Structures are given as structure tokens and as C-alpha cells.
Amino acid sequence: MSEPTDLRDPALEASRRRKPSAKNPKSRVTMTDIARAAGCSQATVSFVLNNTPGIRLSQQTRKRVVEAARGLGYAPPAFSALRSPIASFEGLDGVIGFAVDQLATSPEAVVAIEGARQASWNAGNVVLVAQTLGDSVMEPRAIAALTKRGISALIYMTIFTREIAAPDYLYDLDIPVILLNCYTADYAFPAVVPSEIAGGQSSTRHLISHGHRRIATITGEPWMQAPWMQAAQDRLKGYRRALATADIPFDAELVVEGDWSASAGYAATVKLLALKDRPTAIFCQNDRTAIGCYEALKEASLHIPGDISVIGYDDEEIARHLFPPLTTSILPHMAMGQWAIEQLEVPAPPGRGRYPITKLECPLVERESVSAVAPGRTHGLTAS
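Within every chain, residues take consecutive numbers counted from 1 along the sequence as written. With pLDDT at 70 or above as the cut-off, local features in this predicted model cover only qualifying residues; side-chain atom pairs require 80 or more to be listed or tallied, and sums for whole chains, interfaces and linings still use all residues. Excluded from the side-chain calculations are hydrogens and water; all other atoms, namely the structure's heavy atoms, are used.

Help me out: how do you make sense of the pattern of salt bridges in this one?
Opposite charge on two side chains makes pairing possible when the charged atoms of those side chains draw close. A pair is scored as a salt bridge if a Lys or Arg side-chain nitrogen falls within 4 Å of a carboxyl oxygen belonging to Asp or Glu. In the structure shown here, the tally under the stated rule is 12 salt bridges. With a closest N to O distance of 3.5 Å, Arg-320 and Asp-315 form a salt bridge. Of the residues examined, Arg-320 reaches a relative accessible area of 37% and is grouped as partly exposed. Overall, Asp-315 belongs to the buried group, its relative accessible area being 17%. In this structure, the salt-bridge partner of Glu-317 is Arg-320, at a minimum N-O distance of 3.9 Å. By relative accessible area, Glu-317 is classed as partly exposed at 48%. If you follow the salt bridges from partner to partner, you end up with Arg-214, Asp-251, Glu-253 and Asp-277 in one network. Working definition: with a 1.4 Å probe on protein chains only, accessible area under 20% of the residue-type maximum means buried, over 50% means exposed, and in between means partly exposed.

I keep staring at the packing of aromatic side chains and nothing clicks. Help me out?
Under the pairing criterion, centres of Phe, Tyr and Trp rings, with the six-membered ring standing for Trp, must be within 6.5 Å; the plane angle then separates stacked pairs below 30 degrees from edge-to-face pairs above 60, leaving the rest tilted. This model, assessed by the stated rule, comprises 2 aromatic pairs. Aromatic pair Phe-283 and Tyr-313: ring centres 6.4 Å apart, planes at 40°, arrangement tilted. In this pair, Phe-283 sits in strand β8 (residues 281-284) while Tyr-313 sits in the loop between β9 (309-311) and β10 (328-329), placing the two residues 30 residues apart along the sequence. For the residue pair Phe-283 and Tyr-313, the accessibility class agrees, reading buried in each case. One Lys or Arg, Arg-240, reaches over the ring of Phe-250 and ends 3.7 Å from the middle of that ring. Secondary structure follows DSSP: runs of H or I at least 4 residues long count as helices, runs of E at least 2 residues long count as strands, and numbering of each begins at the N terminus. Whether a charge sits over a ring comes down to the Lys NZ or Arg CZ being within 6 Å of the ring centre and within 35 degrees of the ring normal.

I'm lost on the sheet that holds strand β6 (residues 215-218) in this one. Help?
As a general point, the strands of a sheet are linked pairwise by backbone hydrogen bonds and lie either parallel or antiparallel. The rule for pairing is simple: two strands pair if DSSP sees at least two bridges between them. Strand order across the open sheet formed by 4 strands is β7-β6-β8-β9, with parallel pairing between neighbours. Of all the strands in the sheet, the pair left with one neighbour each is β7 (255-256) and β9. Any two residues having at least one pair of non-hydrogen atoms within 4.5 Å are treated as being in contact. Here the axes come from fitting lines to C-alpha atoms, over the contacting stretch only for helices, and the angles between their N-to-C directions go from 0 to 180 degrees. Lying over the sheet, helix α8 (residues 196-209) contacts β6, β8 and β9, oriented at roughly 165° with respect to β8. The strands that helix α10 (residues 262-273) touches are β6, β7 and β8; relative to β6, the one it contacts most, it runs at about 150°.

Got a minute to help me understand the packing of α10 against helix α11 (residues 287-299) in this structure?
Each pair of packed helices gets described by two things: the angle between the helix axes and the distance between those axes. Here α10 crosses α11 at 45°, and the two axes come no closer than 6 Å. Judged on the interaxial angle alone, α11 and α10 are oblique. For the element pair α10 and α11, the recorded crossing hand is right-handed. Judged by residue contacts, Ala-262, Gly-265, Tyr-266, Thr-269, Val-270 and Leu-273 of α10 engage Arg-288, Thr-289, Ile-291, Gly-292, Cys-293, Glu-295, Ala-296, Leu-297 and Glu-299 from α11. Roughly parallel here means an angle under 35 degrees, roughly antiparallel means over 145, roughly perpendicular means 65 to 115, and every remaining angle is called oblique. Throughout, a crossing is termed right-handed when the near helix is turned clockwise from the far one, and left-handed when it is turned anticlockwise from it by less than a right angle.

See the structure below:
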């Protein structure tokens, strides 16, 4: 016996007309279908079906979502027994999509995904990940594959901190989109990035606080103006700001370009040691550069930090196992992943809206590679 049609509820009636046929077992109701039938956003559907804590929705909205879901034939095992918003479900509903351009070779992406997973599981959601390589053909296909699984939101991440020209398909999605480690010029999406200028400033200020004034830095790529290398540019800005604040003149010969690698760190350090007035401290703008720096200093029979202090950036696993353990800064990718999930609970502004860029601190981890300058050693030793 079929259910009577409620002609007073057009949304519910439309949802029943779209109920998938039992003859087609591959037809699957998605959260997009439920959102369209209930006249609300897909995020709202996810919040209701997950019974997400901390979300304020009217009872009328919750009831509309539940009725639309039932009308479309959305019926996980526990669903038919529910008389109120759904507390749990099975399958790939309540999924947060996570698209990242590089995954296999990037520890930062793994850390960010773990942060998102931890925050998602608190609400009963899971994270579904796709690597896109930024490919203009495969990236939209990867994101389309995610959305077809009924994701309730999409986190879009780039490995290099940078401004992006968001592709049209991100604007066309009818689910919340969060940008991680990137942002757009039109501020169309919530975005979070590390506070790299403050990080570079904090690292340099730490060396200054130990009495160093002859401070060198080994930067990232030589193509410093490339838009995808904003981290290198911003860390250098922080270095220069810290010097200026301490009334230490900027010396261009103390800035050596690298490429984030250990071999570049080695070569740059050899160049710095050849200066007539060499530095008493070196700020390596990532930990891999610091590995090469360590090797060059030890080859020159110089002790860390007794002869030259060294500071890194990124807090990779290797940093704590170097001898001596490396003072460095934490890239906040774990916190960024958690932040992205938390934004799903923030009401969207009216219309398309403009979102500020959120910058998270890069905390300094003090270990044993930095010490005070020895008396009379505010400048380095003269090279022989």
C-alpha cells in the first residue's frame, strides 16, 4: 500500500516523486538531493543527519530535512526508528572531502589531513581524500568524484602557501568550500594560512635575544618572486623586520638563496663561512636546509652552538634527532586542518560574502642549537 501524498508540502511531494526506483540498485540518494528537496544547504543536511553538536538549527528545519530524507528513500538501518534528528548512520554520508595538490611527497598534507580527521570524527564524520597534482584535467574529475559521494563540504589545499585563482568549479559547488594553505584575491572562501612573516620575525628575534647581531639567513628558491613561493618571501620579510626592530642594519651579503634542500644548505653555509666577517648565527628557512648547514659547519670544525648558532623552520621529525637537536618553528598544519572543520559550524555571510584570511601562529620550539654569543664575539671570526 503506497503512502498518501501530502499536497500541502510541495518540497516533500517533489522529494517523493524523485525517490529512486528499487529496480535500479545503483541509484543512491545524496545529501545534495536531500538539500534540494528540503530547501536548505548541503551543510545543513550534514549537520542534521550527523546530529552535529554546537549547531543551532530550528526544529522546523531539522524536521524538514528528516522528512525530505525519508521521502527520498534515504534509509540507513537505524533511520526508520528515528523520530527526531538522525543520531548516527552508515555508509559514505557525512563525509568531508579533502582535495590536495600533493600528498605522496608532502608530510605537511598528511598532518593537515590528520587535523581535519580528528575534528571530523568528533561529529561522526569521516574525511575522504583525493590527490589532484593541480592537473587541469584530472583535478575537476577528482573533485567531481568526491561530490558524487555526497560530501557535505570540501577542503581545498595547496602544498605551497600562495594566492590561487580558484577554478570555476569551486565557485559552482553548492557545499561549503574551505581553502587551506591558500587564498583567493576576492576572499570568496574561508581561508587559513601559516603566519610566515611572524614566524620569520620570531626566529630572528630569538637569535637577537641571545646577543647575535651578525645573523645570516638561507632562503628558499632563487626565483623569489614566483607567486607559489610566498612562504620564502614572507619568512625573509620577517627576518628583515626583526633586524629593523632591533636597529641592526640589513646586510645583503648575509642573505644566500637556496632551494629548501640539504645540498643547498651545505653550499650556502660554505659561502657564508668564506666571508671576511662571517655570521655568528644562521637562520635556515627550513629544516632540510639546516641539515646541510650542520654538515658544512662540522666539516669546518665549528661547533654548534658554541661557534655558530643555527635555527631551522618547519619542525620536521629529523629536527629533534640532529646533534645538537635543532631549534625550529612548527608549521601549524595540524591546527589548520582542525580550523577548516570548525569553520563548517560558522554561519555563512549573506550572499557570496567576503571572508578574512586567517593566519595561524608558527610556534618556536627551543632546543639546543642556539646559545648566547661568546664575550667579544658579536661579529664572526675573520676567515683565514
